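# Coordinate inspection notes
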Amino acid sequence: MSIYDRALAAIDAGDVVVAITFLHLAAEAAVVTLAEREGIPTQKSHVKKAAAAHELHERHLVADDLRPVLMMLNQARKDAGYEGEDPELDAQQLGEVAGRIAAVVSRAEELAR
Amino acid sequence: MRALGADGLDLLALDCRDAVAWQARLVRDRRRAREIEPAEVERATRLLLERAVAGGAEAVALTGSTACGRRTSASDLDIHVVGARPSLDGIEIDVDVYATTSAVLFERLRAGDDYVQWTLRFGCVLFDAGPFRAAAVELVASEIWPSPERKLAQAGRLLDLARIVVESGDRDAAVEQARGAMTTLARWLLLADGAFPRSRAELPAQLRAIGADDVAAILEDCIDGNPSLDELAAGLALGRRLAAGVRGALVRHG
């Protein structure tokens, strides 16, 4: 099962923290795959991966600017994991986030094949 | 230059005894932050401080490894804000902002949260309109010890999450998640043993001092080593056994 599929399964199961974690992982991994092909640095840094997502959009390589999504997911996973705070995202909102990152994940998977 | 006590409470008592002493701490902390921060970290700190204050924050402190001058390649810039979370736009380094209201700050202090105490004991207080000093006065008067139980619950959540990230096969993400989980586990072990946990880079030495050598080794590997997924899985399994109390003998009492 891919990381993205694990995120979808967690959304279906109502496991919000796991869903957020895996949506973040899936989106970052896809952005890194696309960014590396374009020579955009990511350097194992969450903020640089988010900046790379923005740059990919600026270069018209992806339709959606995922920077705010990556920043939001990064903060949500920290709040949930470290602080034990209930994430403010419900299943419907998580589904919408999954929809936003789906195209980037698909594009990265195509390139990886 | 005054020496910092092991748990920071002695200096905190001196610093918060009156408004003049507290103001002197702010001056000292701001200078220390300028001296120890690399240029790009200092720029980010300054921007976040300005944005937080402009947004009505009541207090701002630099915390974590940066505040101790012990940054590693894996360190975020940790900022504690009493007030609204400042925008991260244009910030080019990884930042972790811990933002609460003043009411939540005191609620967490009284509930035994160790991060709030860490800020007061070891953080660089960059701005304070009152809540940090008031919290410091309360901490010194009450001598509240951070709750090991609270930390154990946190460690349990993070160990569970780290296990499934390791299983996903994304090694970089697994190392990061395991590092967070093992850091939290280390903090629990130390609090349970009566030692106040310092910054992440200082934890391995603190762990060895209480006899938790194997946790120290795993944590070191997660900070600046190159652990395999199998090694991470083994380390997390040890952490879960400890958290479950199966190997509680690692914590040396008396």
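Note that residues are indexed from 1 along each chain, following the sequence as it is written. To label them, take the chains in the order written and letter them from A, then take the ligands in the order written and number them from 1. The predicted origin of the model limits local features to residues at a pLDDT of at least 70 and limits the giving and counting of side-chain atom pairs to 80 or more, whereas totals for whole chains, interfaces and linings rest on all residues.

All names here are of chain B. An order of β3-β2-β1-β4 is seen for the four strands of this open sheet, with the pairing classed as mixed. Every other strand in the sheet has two partners, leaving β3 (95-100) and β4 (124-128) as the edge strands with one partner each. Here the average twist between neighbouring strands, direction ignored, is 15 degrees. Strands were regarded as paired on the criterion that DSSP finds at least two bridges between them. Put simply, DSSP H or I for four residues or longer makes a helix, DSSP E for two residues or longer makes a strand, and each gets a number counted from the N terminus. As judged from the four bridges shared by strand β1 (residues 59-63) and β4, these two strands associate in the antiparallel manner. Bridge pairing in β4 places V60 opposite F127. Working definition of a contact: two residues with C-beta atoms, positioned from the backbone, lying within 7 Å. Inter-axis angles, ranging from 0 to 180 degrees, are taken between N-to-C directions of lines fitted to C-alpha atoms, where helices are fitted over the stretch in contact. Contacts from helix α2 (residues 19-36) reach β1 and β4, with the element oriented near 125 degrees to β4.

The next point concerns the packing of helix α9 (residues 171-192) of chain B against helix α12 (residues 229-243) of chain B. All names here are of chain B. In contact at an axis separation of 10 Å, α9 and α12 are set at 25 degrees when each is read in the N-to-C sense. With respect to α12, the element α9 is oriented roughly parallel. Crossing hand, α9 versus α12: left-handed. Of the residues in α12, those in contact with R171, A174, V175, A178, A181, M182 and L185 of α9 are L229, L232, G235, L236, G239, L242 and A243. The residue inventory of the contact of α9 with α12, partitioned by class, reads eleven nonpolar, two polar and one charged. Reported orientations rely on four angle classes, namely roughly parallel under 35 degrees, roughly antiparallel over 145, roughly perpendicular from 65 to 115, and oblique for the rest. Take the far helix as your reference; a near helix turned counterclockwise from it by less than a right angle gives a left-handed crossing, and one turned clockwise gives a right-handed crossing. We call Asp, Glu, Lys and Arg charged. Ala, Val, Leu, Ile, Met, Phe, Trp, Tyr, Cys and Pro are nonpolar, and the rest, Gly among them, are polar.

Listed by partner, the interface residues are 17 residues for chain B and 16 residues for chain A. Sorting elements by how many residues they give to the side of chain B that touches chain A places helix α8 (residues 148-168) of chain B first, with seven residues.

Below, the discussion takes up the packing of helix α1 (residues 3-13) of chain A against helix α2 (residues 16-38) of chain A. Residue and element names in this part refer to chain A. The contact between α1 and α2 brings their axes to 8 Å, and the two run at 155 degrees. The angle between α1 and α2 places the two elements in the roughly antiparallel class. Crossing geometry of α1 relative to α2 is assigned as left-handed. Across the interface between the two elements, I3, Y4, R6, A7, A10 and I11 of α1 pack against V18, A19, F22, L23, L25, A26 and A29 of α2. Among the residues forming the contact of α1 with α2, the class breakdown is twelve nonpolar, no polar and one charged.

Let us now look at the domain arrangement of chain B. Residue and element names in this part refer to chain B. Under the domain assignment, chain B is made up of domain 1 (9-142) and domain 2 (148-250). An automatic or database domain assignment supplies the residue ranges for each domain. Summarising the inter-unit geometry, the C-alpha centres of domain 1 and domain 2 are found 25 Å apart. Elements supplying a minimum of two residues to the side of domain 1 that touches domain 2: α4 (64-67) and α6 (114-122). At three residues, α6 tops the list of elements feeding residues into the side of domain 1 that touches domain 2. Classifying every residue of the side of domain 1 that touches domain 2 by side-chain character gives four nonpolar, five polar and four charged.

All names here are of chain B. What a helix is expected to span follows from its residue count: subtract one and scale by 1.5 Å. The end-to-end C-alpha distance of helix α3 (residues 39-54), which contains 16 residues, comes to 22 Å, matching closely the 22 Å that a straight helix rising 1.5 Å per residue would cover. The exposure scheme places C-beta atoms from the backbone and then counts, for each residue, the other C-beta atoms within 10 Å of its own, assigning buried at 20 or more, exposed at 12 or fewer, and partly exposed in between. Looking at α3, one finds that the buried residues are A44, T45, L48, L49, R51 and A52. Looking at the buried residues of α3, the elements they touch are α2, β1, β2 (77-82), β3 and β4. Just downstream of α3, G56 is the residue with a positive phi angle, here 95 degrees.

Right, let's talk about the pairing of β2(B) for a bit. The side chains of a regular strand alternate, residue by residue, between the two faces of the sheet. Residue and element names in this part refer to chain B. When you tally the buried positions in β2, you get six out of six residues, the bulk of the element. Burial of the side chains of β2 extends over both faces: L77, I79 and V81 are buried on one face and D78, H80 and V82 on the other. Two strands pair when backbone bridges link them, and β1 and β2 are joined in this way by five bridges, in the antiparallel orientation. Residue pairing for β2: A61 is matched across the bridge by H80. Relative to β3, β2 runs parallel, the two being bridged by six bridges. Within the sheet, the bridge partner assigned to H80 lies in β3 and is Y98.

Looking now at the confidence of the model for chain B. Low-confidence regions, as indicated by low pLDDT, have predicted coordinates that should not be scrutinised in detail. All names here are of chain B. The pLDDT averaged across chain B works out to 92; a share of 94% of its residues lies at or above 70. Each residue gets a pLDDT score, which is the predictor's confidence in that residue and runs from 0 to 100. This stretch, residues 249-254, has a pLDDT under 50; its non-local contacts, to residues over four places away or in other chains, come to eleven contacts. We note a pTM of 0.90 for the whole complex and an ipTM of 0.88 for its interfaces.

Note on terminology: a nonpolar core is any set of buried Ala, Val, Leu, Ile, Met, Phe, Trp, Tyr and Cys residues joined through C-beta atoms within 7 Å. In terms of nonpolar packing, the biggest core is built from 115 residues, with L23(A), A26(A), A27(A), V31(A) and L185(B) touching the most fellow members. In terms of residue count, the dominant contributor to this core is α2(A) (16 residues). Residue-level mapping places this core at the junction of two domains, with at least three residues from each of domain 1 (9-142) and domain 2 (148-250) of chain B. Residues within four places of V31(A) in sequence aside, it is in contact with K49(A), A52(A), A53(A), L56(A), L66(A) and V104(A).

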